[in-house]
Amino acid sequence: MYIKKAISKLYKKLIFIFKKKINLDKQNLDLKSLNELFNYFGTDKGTEVINPYAKDSNDSNKILTGHGYGDFYETHLNIYKNINIKILEIGTWKGAGVAAFYHYFKKAIIFCVDRNFKFQYKSNRVNFFNMNTENILDVVKLENFFKKKKVEYLDIIIDDGSHKYLDILNNFKNFFKRIKPGGYYIIEDFNHYKQYSETSDTPSNSLDIEDILQYLKKKIFFNSTTLNREFQSFCFENISDITIHKGNEEFSYIVFIKKIELKNSEI
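Participant: Outline the environment of Ile212, listing residues and values.
Facilitator: Here Ile212 is to be found in helix H8 (residues 209-218). In sequence terms Ile212 and Ser252 are 40 residues apart; their C-alpha atoms lie 18 Å from each other. Every residue in contact with Ile212, bar those within four places of it in the chain, is listed here: Tyr165, Leu169, Leu207, Phe222 and Leu227.

Laid out in structure tokens, this is it:
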């Protein structure tokens, strides 16, 4: 079984390497807002999107209501529009979100990871890394990738991955430490695990993620098998603000977790 999976992954990787990709560096778009860019590239981060999940041709042109996260992103992150920053997006799928961020953040270097080989874009400012954040060996490989690229901290990390309960918490535990002081760790759709309860990996008697965020904001210790007391203390010392926004759909929630800025004496 392992050999079969390894061969399948190698085959997909080779197809991915040689498949023609859209060069973002050659695009010139007159779109100003993130929501316009989200809608243009077809990510459900926007307000409307042609069904990106359609398997039936009858549904391929169906317009879906998006989460509507564009305004929230701009409220928190518009200060980064024209400065040199580094962004990591976890869960890029075909790369629509990355393409939108590429055009909005004019000088950003973007790192993106996904377990699939569906990424459709290329750019001198975009680095794609195939990995599964549930696999600790893959996480170590990503750390080595950052070392190779001489990336110590990231200004923005966006978790738009599996939306599973444990994945969200494990990603936060593994990657929040990489946020630059004053930067943001963002989790999209953090309530989605409730929508798909039949496939949820949520341990029994676990706190809802929304409750965990409130405990972190109030600096109150809580019981968690994933986020231990040491990590909670790190969060209490390093988080300056936690802001939750409600999007267009029932489970459209996004949170912006801001890391505390260094004092002048610490710079």
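Participant: Now, about the packing of aromatic side chains: what can you tell me, with residues and values included?
Facilitator: Scanning the entire structure with this criterion turns up 27 aromatic pairs. Judged by centre distance (6.2 Å) and plane angle (85 degrees), the ring pair of Phe111 and Phe145 falls under edge-to-face. Of this pair, Phe111 sits in strand S5 (residues 109-114) while Phe145 sits in helix H5 (residues 136-148), and the two are 34 residues apart along the sequence. Across this residue pair, the class does not change: Phe111 and Phe145 are buried. Ring plane angle 50 degrees and centroid distance 6.4 Å describe the contact between Phe145 and Phe146, whose orientation is recorded as tilted. Aromatic rings pair up to connect Phe16, Tyr40, Phe41, Phe117, Phe119, Tyr121 and Phe128 into one cluster. When the ring centre of Phe176 is taken as reference, the NZ or CZ atom of Lys259 above it lies at 5.6 Å.

Participant: An account of the pattern of salt bridges is needed here, citing residue identities and associated values.
Facilitator: All told, the structure shown has nine salt bridges when counted by the stated rule. Where Asp30 meets Lys32, a salt bridge forms, and the shortest distance between an N and an O atom there is 2.6 Å. The residues Asp30 and Lys32 share a single accessibility class, namely exposed. Note that Lys258 is salt-bridged to Glu261, the shortest N-O span being 3.3 Å. Linked through salt bridges whose partners overlap, the residues forming this network are Lys45, Glu89, Asp160 and Glu188.

Participant: Account for the sheet that holds strand S10 (residues 239-246), with residues named and values stated.
Facilitator: Judged by pairing direction, the sheet is mixed, and its seven strands sit side by side in the order S7-S5-S4-S8-S9-S11-S10 without closing on themselves. The two strands at the open ends of the sheet, each matched to only one other strand, are strand S7 (126-130) and S10. Taken over all neighbouring pairs, the strand axes of this sheet differ in orientation by 15 degrees on average, direction set aside. Alignment of strand S9 (residues 179-188) against strand S11 (residues 253-259), held across five bridges, turns out to be antiparallel. Across the sheet, residue Tyr184 finds its bridge partner in S11, namely Lys258. Across the sheet, helix H3 (residues 70-77) touches strand S8 (154-159), S9, S10 and S11, and the angle it forms with S11 is around 10 degrees.

Participant: Lay out the side chain of Arg178 in plain terms, naming residues and giving numbers.
Facilitator: Relative to the helices and strands, Arg178 is located in the loop between helix H6 (165-175) and S9. For Arg178, a relative accessible area of 10% translates into the label buried. At 2.7 Å, the side chain of Arg178 forms a polar contact with the side chain of Glu143.

Participant: Before we move on, could you go through the pairing of S11 and cite the residues and values that matter?
Facilitator: Among the seven residues that make up S11, six are buried, leaving the element largely enclosed by the rest of the structure. Across seven bridges, S10 lies against S11 in antiparallel orientation. Considered in S11, the bridge of Asp241 is made with Lys258. Connecting S10 to the antiparallel partner S11 that follows it, the hairpin turn spans six residues.

Participant: Could you give an account of a nonpolar patch on the surface, with specific residues and numbers?
Facilitator: On the surface, Leu10, Leu14, Ile17 and Phe18 cluster together into a nonpolar patch covering about 450 Å² of accessible area. Summarising the element assignment, Ile17 is placed in helix H1 (residues 2-18).

Participant: How would you explain the nonpolar core if you had to name every residue and give the values?
Facilitator: Ranked by size, the top nonpolar core spans 38 residues in total, and within it Leu88, Phe172, Phe176, Tyr185 and Ile257 carry the most contacts. Per-element tally for this core: the top contributor is H6, with five residues. Beyond its immediate chain neighbours, meaning those up to four positions away, Ile257 contacts Phe172, Phe176, Gly183, Tyr184, Tyr185, Ile187, Leu213, Ile239, Asp241 and Ile242. Counting 35 residues, the second-largest nonpolar core is a separate cluster that includes Phe41, Ile87, Val98 and Val126.

Participant: I'd like to hear about a positive patch on the surface, residue by residue, with values.
Facilitator: Taken together, Lys12, Lys19, Lys94 and Lys118 make up a surface patch of like positive charges. Structurally, Lys12 is set in helix H1. The exposure class assigned to Lys12 is partly exposed, which follows from its relative accessible area of 49%.

Conventions and cut-offs
Residues numbered from 1 in each chain as written. Predicted model: local features only at pLDDT ≥ 70, side-chain atom pairs only at ≥ 80, totals over all residues. Heavy atoms only, no water. Helix = DSSP H or I, 4+ residues; strand = E, 2+ residues; numbered from the N terminus. Contact = heavy atoms within 4.5 Å. Phe/Tyr/Trp six-rings, centres within 6.5 Å; stacked < 30°, edge-to-face > 60°. Buried < 20%, exposed > 50% of the residue type's maximum accessible area, 1.4 Å probe, protein only. Lys NZ or Arg CZ within 6 Å of the ring centre and 35° of its normal. Salt bridge = Lys/Arg side-chain N within 4 Å of Asp/Glu carboxyl O. Pairing = 2+ DSSP bridges. Axes fitted to C-alpha atoms, helices over the stretch in contact; angles between N-to-C directions. Polar contact = N/O pair within 3.5 Å; in protein donor to acceptor, adjacent residues only side chain to side chain. Patch = residues over 30% accessible without salt bridge, like charges linked within 9 Å, V, L, I, M, F, W, Y side chains within 5 Å. Areas by Shrake-Rupley, 256 points an atom, 1.4 Å probe, with all protein chains shown as cover. Core = buried A, V, L, I, M, F, W, Y, C linked by side-chain atoms within 4.5 Å. Lys, Arg positive; Asp, Glu negative; His and termini not counted. Charge placed at Lys NZ, Arg CZ, Asp CG, Glu CD.

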